[in-house]
Amino acid sequence: MLVVVVGVPGVGSTTVTTKAVEKLKEEGINYEIVNFGTVMLEIAKEKGLANDRDELRKLNPEIQKEIQRLAGKKIAELAKDKNIIVDTHSTIKTPKGYLPGLPKWVLDELVPDIIVLVEADNSEILMRRLKDDTRKRDFESTEDIGEHIFMNRAAAMTYAVLTGATVKIIKNRDNLLDKAVEEMVNVLRP
Ligand code: AMP
Ligand code: MG
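Residues numbered from 1 in each chain as written. Chains lettered and ligands numbered in written order. Predicted model: local features only at pLDDT ≥ 70, side-chain atom pairs only at ≥ 80, totals over all residues. Heavy atoms only, no water.

A.B. asks: Can you walk me through the side chain of Gln68 in this structure?
C.D. replies: Relative to the assigned elements, Gln68 resides in helix α3 (residues 61-78). Since its relative accessible area comes to 2%, Gln68 is described here as buried. Residues in contact with Gln68, not counting those within four places in the same chain, are Phe36, Met40, Leu99, Pro100, Gly101, Leu102, Pro103, Trp105 and Val106. (Helix = DSSP H or I, 4+ residues; strand = E, 2+ residues; numbered from the N terminus. Buried < 20%, exposed > 50% of the residue type's maximum accessible area, 1.4 Å probe, protein only. Contact = heavy atoms within 4.5 Å.)

A.B. asks: It is not clear to me how the site of ligand 1 should be interpreted in this structure. Could you clarify?
C.D. replies: Neighbouring ligand 1 are the residues Phe36, Gly37, Met40, Arg53, Leu56, Arg57, Gln68, Thr88, His89, Ile92, Gly101 and Arg135. At 2.8 Å from a nitrogen atom of ligand 1 is found a side-chain nitrogen or oxygen belonging to Thr88. Here ligand 1 loses 96% of its free accessible area of 490 Å² to cover by the protein chains. If you tally residues by element for the shell around ligand 1, the top one is helix α2 (residues 36-46), at three residues. A per-class count over the shell around ligand 1 returns four nonpolar, five polar and three charged. (Near = heavy atom within 4 Å. Polar contact = N/O pair within 3.5 Å; in protein donor to acceptor, adjacent residues only side chain to side chain. Areas by Shrake-Rupley, 256 points an atom, 1.4 Å probe, with all protein chains shown as cover. Nonpolar A, V, L, I, M, F, W, Y, C, P; charged D, E, K, R; others polar.)

A.B. asks: Please explain the pairing of strand β4 (residues 91-94) as it appears in this structure.
C.D. replies: Along any regular strand the residues' side chains alternate between the sheet's two faces. By the bridge criterion, four bridges tie β4 to strand β5 (residues 97-100) in an arrangement that is antiparallel. Bridging from a neighbouring strand, Lys93 pairs with Tyr98 of β5. (Pairing = 2+ DSSP bridges.)

A.B. asks: I keep staring at a nonpolar patch on the surface and nothing clicks. Help me out?
C.D. replies: Residues Met127, Leu130 and Phe139 make up a contiguous nonpolar surface patch of about 350 Å² in total accessible area. Along the polypeptide, Phe139 turns up in the loop between α5 (122-131) and α6 (142-163). Accessibility expressed as a relative area gives 63% for Phe139, which makes it exposed. (Patch = residues over 30% accessible without salt bridge, like charges linked within 9 Å, V, L, I, M, F, W, Y side chains within 5 Å. Salt bridge = Lys/Arg side-chain N within 4 Å of Asp/Glu carboxyl O.)

A.B. asks: Quick question: what am I supposed to make of the pairing of strand β6 (residues 114-119) here?
C.D. replies: Summarising burial for β6: six of the six residues are buried, a large majority. Side-chain alternation along β6 places Ile114, Val116 and Val118 on one buried face and Ile115, Leu117 and Glu119 on a second face that is also buried. Bridge count between strand β1 (residues 2-6) and β6: four bridges; the pairing is parallel. The partner of Val4 across the bridge, within β6, is Ile115. Sheet topology note: the β6/strand β7 (residues 166-171) ladder contains six bridges and is parallel. Looking across to β7, one finds that Leu117 is bridged to Ile169.

Written as structure tokens, this is what we have:
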């Protein structure tokens, strides 16, 4: 089983995923979470191209794509014999435009069964970003955030058309994290 979880920065997709995987573990259902950005950062560091994960999206798109291809290959290898959740992004907002997180040459290797979009209201996301000082998030208006969410949906659906994956939208609303986790558990439970 290969599940891809995406969401705009700050929406809490990593939190929801981690908590859902912990719950499933209690039931004896095991998933390994692989963070696409972490794998990309390892590759970028080896090549001396970036020092932290928030620098990756500022690299030349051609370089980002090359690192992305290598990361996709590496993750596909891991996904061969276990249940994997890939924590990644449907699109990456770069200075040169939206970069698809799963272009077709990545999907050729990494074929998801389910794509989960974690979403929240534009203003909720804006507030979460302001409160998070562990990351170098870009400041965006609620309108910009709404555009990114829209592009993520559009891109996710094209990935689904290319692979046959299903697309599930989970809302991670303020103070309703448990509800989002419960929904994620239901998606991941075989
Ligand atoms: P995250 O820690 O999830 O915010 O991811 C860190 C960074 O990794 C993102 O801002 C992107 O620059 C990069 N990244 C993650 N997934 C992908 C992907 N599928 N394609 C290209 N870049 C990605
Ligand atoms: Mg994340």
